[in-house]
Structures are given as C-alpha cells and as structure tokens.
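Each chain is listed here by its residues.
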Amino acid sequence: MQAILSIQSDVAYGHVGHAAAVFPLQRLGFEVWPVNTVQLGHHPGYGRFRGHLVEPERLAVIVDAVLDQAPLESCVGLLAGYLGDAAVADVILKALDAIRPVNPDLTFLLDPVIGDDGSGVFVRPDVPEAIQGRLLPRASIVTPNRFELSHLTGHRIESVDEAGLAAERLLAEGPGLVVATGLPLADDREELGLLALSRDERLLIRTPKLGRGFSGTGDAFSALFLGHYLRAPDLQTAFERAASAIFSLVELTERQGEQELSLVAAQDLFTAAEPRFSAIRI
C-alpha cells in the first residue's frame, strides 16, 4: 500500500487541514501518516477559536518516530500545508531528506499556506520567508491560490496571463510544477481558472464561479491533486480529475446548505474516472 506523509494543521470540528485532506487521500487508496502542526477545536473562520500550536521540538519527535517505524519505501508522497511556526520547515526538510534516499521518486507537494484574498496574510510574519526560502526550492509541486502566488512572486495577478508569468517565476525557484487556483479570467467574470504549468506543459481549466466559498477547499484540492497525480497516467488527466472533484465537492456542499465541506457525502465524486472539466493547452 502506497503511503503519504502529511504535515499540516488539524481541527476537531469542520474540514480544514488534515480534516480536509486525509479522507480524500484515503478514498483514493493511500495510507496517510498525518502529523499535526496545530490542533484546534475548529478553524479560525468562525472568529474566536481555541486550540494549541504543536511546538516544533515536539512535532520533530513525532516525525522522527514515524521515520523510525514506518516503511519508508512505501512513502510516495510528502504533503506540507499550514506550518504554524517557521521552524516546522526544518522538520519537513528533515523528513524529505530521510525518505528521498529510500524512494528517489518521492513527490513533495507544498501547499504554501500564507493567506487569501478575503483575509490577507494570516500566518506569522516569518512563515512566508520559510516557505519561499527553504521549502519552495525543494518542492516537486506547489499549489498556491491567487493571493499566495501573487505574494510569493510580487506579481499583480488579474488574468491568466499574469498568473502564467508569476508561475514561471516560481518554477525558476525550484519546483517542477505549479498548480494555481482561484484565478480571474479577463473574458468572463462568471468563471474562475485553474492553471497547471510545468517546464513542458501549460494547462488551463475553467469552472463556473459558485455562490459561496468554504474554508478548507485549498487543503482538499492539494490532497486531491497529489492523489490523482500519483495515480493518473499523465498531468492532464490528474489535473482534470482533481479540478472536477473539488468543484463537485464545493457544489454539493453549497447545494446541501452546509457550513463545512460535505466530504463524506461527496466521497464517490473524488474517484470519478470521467472528469467534468477538460483542460486546454495555452
């Protein structure tokens, strides 16, 4: 059984961080080894929240225990999300350096959790620097939203063309693939774009703009993309399946009138072989 080591936040109620990522990966057939960077009662989107940061020293002890016991040869993916503390970047890199010699084909997906258009930056001031300076150069894949892509590159992004220029700058810093979400489309205000850009391919998917946004969609998308990327025969197939799955999840959640992502109700949509959206080469 193939496994994925995931290092990011978790909540008891709702679906962000591991609560949004673990189940989709399991539904796609992966064992998941989750290590929590923070543990909250619920996500901060409700205003007041309570919980605990897992100090980097304690988190390192947990990761070391996983590395000592788990069959590292089965670990095909490393997923990193919300850090909580900039020092967690070093823990992630230590895990990467332990697994890569055992499995040189390990895919490291970095979800550079920094902020969003509505809230701005919501992490500690030194976290974006740790993401850009330490993690980004070592990542296989990076999955920023529009705000994060702009923040990491200093590029204004109001179109897919501008997003492409920013993604090219990220590629120059080390990753082999940038998948950007929530992109404005200059020719249609009723749709959003998703862009996948590697050194060989540039793919765009257009999806309708839904009426509501939900916390955890970025975490769920990163997990879905990593899972499909590891399973699919090519980038385009993985991109189409992941984009279709996240759209269907949000659409179902909105239709049901829920305040948290309807992960369990949508689980069969995660594995649909026929995507709802097709990617075009640009």
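Residues numbered from 1 in each chain as written. Predicted model: local features only at pLDDT ≥ 70, side-chain atom pairs only at ≥ 80, totals over all residues. Heavy atoms only, no water.

(A) The pairing of strand E5 (residues 107–110), seen in detail. With burial as the criterion, each face of E5 is covered, one bearing Thr107 and Leu109 and the other bearing Phe108 and Leu110. The β-α-β motif built from strand E4 (residues 75–80), the intervening helix H3 (residues 88–99) and the parallel element E5 has right-handed crossover chirality. (Buried < 20%, exposed > 50% of the residue type's maximum accessible area, 1.4 Å probe, protein only. Helix = DSSP H or I, 4+ residues; strand = E, 2+ residues; numbered from the N terminus. Right-handed = clockwise from strand over helix to strand, strands pointing away.)

(B) Geometry of the pattern of salt bridges. Counting across every chain of the model gives 13 salt bridges. Linking Asp117 and Arg146 is a salt bridge whose minimum nitrogen-to-oxygen distance equals 2.5 Å. Placement of the pair is Asp117 in the loop between strand E6 (115–116) and strand E7 (120–121) and Arg146 in helix H5 (residues 146–153), with a sequence separation of 29 residues. Residue Asp117 is classed as partly exposed on the basis of its relative accessible area of 44%. According to the relative accessible area criterion, Arg146 is buried, its value standing at 17%. For the salt bridge of Arg206 with Glu191, the shortest nitrogen-to-oxygen distance reads 2.8 Å. Here Glu191 lies in strand E10 (residues 188–198) and Arg206 lies in strand E11 (residues 202–208), a separation of 15 residues in the sequence. For Arg206, a relative accessible area of 27% puts it in the partly exposed group. Within this structure, Asp187, Glu191 and Arg206 form a network of salt bridges that share partners. (Salt bridge = Lys/Arg side-chain N within 4 Å of Asp/Glu carboxyl O.)

(C) Layout of the packing of helix H1 (residues 18–27) against helix H7 (residues 217–231). Two elements in contact, H1 and H7, have axes whose closest approach is 8 Å; the angle formed by their N-to-C orientations is 25°. The pairing of H1 with H7 is recorded here as roughly parallel in orientation. Pair H1 / H7 crosses with right-handed handedness. Across from Ala20, Ala21, Pro24 and Leu25 in H1, the residues of H7 making contact are Asp219, Ala220, Ala223, Leu224 and Gly227. (Axes fitted to C-alpha atoms, helices over the stretch in contact; angles between N-to-C directions. Parallel < 35°, antiparallel > 145°, perpendicular 65-115°, else oblique. Left-handed = near helix turned anticlockwise from the far one by under 90°. Contact = heavy atoms within 4.5 Å.)

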